[in-house]
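# Chains, contacts and geometry: an overview
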Amino acid sequence: MLSVALLLLGGLQLACVFLLRGAGPPRWCLALVGLGLAYDSIVFGAGAALGTGEPLHALSVGRFVAHALLTPLLLLWAARQVFHWRWRWAWALTGALIAWGVFADLVHLDLVPKHYADTLRYAHAAPAGPPIPALVVSVVLLAAGILLWRRERWPWLALATVALLFASAAAFAVPPLGNLGEAVLFAALVAATRRRTG
């Protein structure tokens, strides 16, 4: 049941990416992140059908690569859409977080198969500590959401970021909740972009 739910979640994330069609840096940043999130959900959902082995392992490596390389791009979205930072500073911080994620999560990546309910995924063999780049991005998005709430009376990005933080904490016990939290946040980001750019 959870496997099917994750596949459906991946489909919904792809639909949100489709809603971003159009030009502009904020949209391509979000589109890349959305494709990575959809890939993550779909591979997680298909894991039980694929079974343990090299195909699922290789696809799972792609999940971690996507998170390390794409999640920091959300800083570019916040810089352009909300904070109006200078691009060079936004890119510098984004590059630093990508480098940190690659070093912390990919250099010594050691994945083992793990089951939860009817799902199967490859995950870290041992916890590698808190995901600092993702936490920094979450704090920036929360600040952006609070600013939008105060300035435009639009609370949904702030609430979605809080939901992601709770879902990520709960994902240690119930892993699919992490995907759900990411989907909620991505939907709020898409809604904010469409609202602000038409």
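Further up the page is the structure itself.
Just so it is clear, the model here is predicted, and its values are computed rather than measured.

Let us look at the pattern of salt bridges. All told, the structure shown has 2 salt bridges when counted by the stated rule. Asp40 is the salt-bridge partner of Arg63, the closest N and O atoms lying 3.1 Å from each other. With Arg63 in helix α3 (residues 54-70) and Asp40 in helix α2 (residues 25-50), the pair connects residues that are 23 residues apart, well separated along the chain. A residue is classified by how much of its surface remains accessible, and Arg63, at 9% relative accessible area, is buried. Of the charged contacts, one joins Glu152 and Arg195 as a salt bridge, the two residues approaching to 2.7 Å between their closest N and O atoms. Of the two residues, Glu152 is situated in helix α6 (residues 132-152) and Arg195 in helix α8 (residues 176-197); the sequence distance between them amounts to 43 residues. Exposure remark for Arg195: the relative accessible area of 42% places this residue in the partly exposed category.

What follows deals with the environment of Gly181. As for its position among the elements, Gly181 is in helix α8. Exposure remark for Gly181: the relative accessible area of 4% places this residue in the buried category. Once the C-alpha coordinates of Gly181 and Ser168 are considered, the two residues, 13 residues apart in sequence, prove to be 6.9 Å apart. Those residues in contact with Gly181 that sit more than four places away from it in its chain are Leu164 and Ala167.

Moving on, we get to the packing of helix α4 (residues 74-83) against α8. Viewed as axis vectors pointing N to C, α4 and α8 meet at an angle of 30 degrees, and their least axial separation amounts to 12 Å. Relative to α8, the element α4 is oriented roughly parallel. Pair α4 / α8 crosses with left-handed handedness. Residues Leu74, Trp77 and Gln81 of α4 lie in contact with α8, whose contacting residues are Leu189, Ala192, Thr193, Arg196 and Thr197. Along the lines of polarity and charge, the residues of the contact of α4 with α8 split into 4 nonpolar, 3 polar and 1 charged.

All right, on to the packing of aromatic side chains then. Under the defined criterion, the tally for this structure stands at 2 aromatic pairs. Measuring from centroid to centroid gives 4.9 Å for Phe83 and Trp85, while their planes differ by 10 degrees, and the two rings are stacked. By relative accessible area, Phe83 is classed as partly exposed at 22%. With a relative accessible area of 34%, Trp85 lands in the partly exposed category. Here the basic side chain of Arg63 rests over the ring of Phe44, its NZ or CZ set 5.4 Å away from the ring centre.

A few words now on the nonpolar core. When a protein is soluble and globular, its nonpolar side chains tend to lie buried together. Counting 35 residues, the largest nonpolar core has Trp77, Leu141, Leu157, Phe186 and Leu189 as its most contacted members. Of all the elements in the fold, those that place two or more residues in this core are α1 (2-18), α2, α3, α4, α5 (87-106), α6, α7 (156-170) and α8. Sorting elements by how many residues they give to this core places α4 first, with 7 residues. Setting aside its immediate chain neighbours within four residues, Phe186 contacts Gln13, Cys16, Val17, Leu20, Leu30, Gly34 and Leu37. Listed in part, the 8 residues of the second largest apolar core include Val43, Ala68, Leu111 and Leu120.

This part covers empty space enclosed by the protein. With the rule as written, the count across this model stands at 1 cavity of 30 Å³ or more. For the largest cavity, the calculated volume is near 50 Å³. Val33, Gly36, Leu37, Asp40, Ala66, His67, Leu70 and Thr71 together form the lining of the largest cavity. Per-element tally for the lining of the largest cavity: the top contributor is α2, with 4 residues. Among the residues forming the lining of the largest cavity, the class breakdown is 4 nonpolar, 3 polar and 1 charged.

Reading the values: the criteria
Residues numbered from 1 in each chain as written. Predicted model: local features only at pLDDT ≥ 70, side-chain atom pairs only at ≥ 80, totals over all residues. Heavy atoms only, no water. Salt bridge = Lys/Arg side-chain N within 4 Å of Asp/Glu carboxyl O. Helix = DSSP H or I, 4+ residues; strand = E, 2+ residues; numbered from the N terminus. Buried < 20%, exposed > 50% of the residue type's maximum accessible area, 1.4 Å probe, protein only. Contact = heavy atoms within 4.5 Å. Axes fitted to C-alpha atoms, helices over the stretch in contact; angles between N-to-C directions. Parallel < 35°, antiparallel > 145°, perpendicular 65-115°, else oblique. Left-handed = near helix turned anticlockwise from the far one by under 90°. Nonpolar A, V, L, I, M, F, W, Y, C, P; charged D, E, K, R; others polar. Phe/Tyr/Trp six-rings, centres within 6.5 Å; stacked < 30°, edge-to-face > 60°. Lys NZ or Arg CZ within 6 Å of the ring centre and 35° of its normal. Core = buried A, V, L, I, M, F, W, Y, C linked by side-chain atoms within 4.5 Å. 1 Å grid on protein atoms, 1.4 Å probe; cavity = no way out; pocket = protein on both sides within 12 Å on 5 of 7 lines; lining within 4 Å. Points joined across faces, edges and corners; volume = space filled by probe spheres on them.

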